[in-house]
Amino acid sequence: VRKFSLGYPDDFTYTEYKETEEAHTIVFEDKNKEKSFQIFYTPYYGDTITKERLLMDIPSGNYTDLVEVVLGDGTHALVFWSDDTLREVWFLKDGYLYEVTTHKDLDTWLAEIMKSWEFL
């Protein structure tokens, strides 16, 4: 189990789904299901996120405005739009790939949440 913490609104709940033995998705959403984001993480062997990995997870190849940012704990991340409707933040930490996703209109909101991310 990966250990991290992040701040999210008090009225949010989260549900964790086991995708495979080591891959998980955590969905955070408000009680009205108007705001949400999800975190997917899986083992990853490599020290950079490759174009091949992007195409494996986004086979349409429809991602734009790829930029590098630094998270609150100093971790470097890639931020981009996928399918013109989703904001994604991908980063590597301790042998795992993390993919954080939300809807386009929640971009600024997600950025504030990502600033609070810490690994324990």
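For the structure itself, look to the data block above.
Let us look at the structure shown here. (Residues numbered from 1 in each chain as written. Predicted model: local features only at pLDDT ≥ 70, side-chain atom pairs only at ≥ 80, totals over all residues. Heavy atoms only, no water.)

Right, let's talk about the pairing of strand β2 (residues 12–18) for a bit. It is a general feature of regular strands that their side chains alternate between the two faces of the sheet. Sheet topology note: the β2/strand β3 (residues 24–30) ladder contains 7 bridges and is antiparallel. Its bridge partner lying in β3, Thr-15 is registered against Val-27. Remark: 5 residues form the turn of the hairpin made by β2 and β3, two consecutive strands paired antiparallel. (Pairing = 2+ DSSP bridges. Helix = DSSP H or I, 4+ residues; strand = E, 2+ residues; numbered from the N terminus.)

Summed over the entire model, instances satisfying the criterion amount to 20 aromatic pairs. With a centroid separation of 4.4 Å and 15° between ring planes, the pair formed by Phe-4 and Trp-117 is classed as stacked. Here the residue Phe-4 occupies a position in strand β1 (residues 4–5), and Trp-117 occupies one in the loop between α2 (107–114) and β9 (118–119), the gap between them amounting to 113 residues. A relative accessible area of 16% means that Phe-4 is categorised as buried. Judged by its relative accessible area of 0%, Trp-117 is buried. With a centroid separation of 6.3 Å and an interplanar angle of 65°, the aromatic rings of Phe-4 and Phe-119 are classed as edge-to-face. Highlighted residues: Phe-4 in strand β1 and Phe-119 in strand β9, separated in sequence by 115 residues. Classification of Phe-119 by relative accessible area gives buried; the value is 18%. Clustering of aromatic rings is evident, with ring pairs tying together Phe-4, Tyr-41, Phe-91, Tyr-96, Tyr-98, Trp-117 and Phe-119. Arg-87 extends its terminal NZ or CZ atom over the ring of Trp-81, reaching a point 3.8 Å from the ring centre. Stacked on the ring of Trp-81, the Lys or Arg Lys-104 has its end atom at 5.4 Å from the ring centre. (Phe/Tyr/Trp six-rings, centres within 6.5 Å; stacked < 30°, edge-to-face > 60°. Buried < 20%, exposed > 50% of the residue type's maximum accessible area, 1.4 Å probe, protein only. Lys NZ or Arg CZ within 6 Å of the ring centre and 35° of its normal.)

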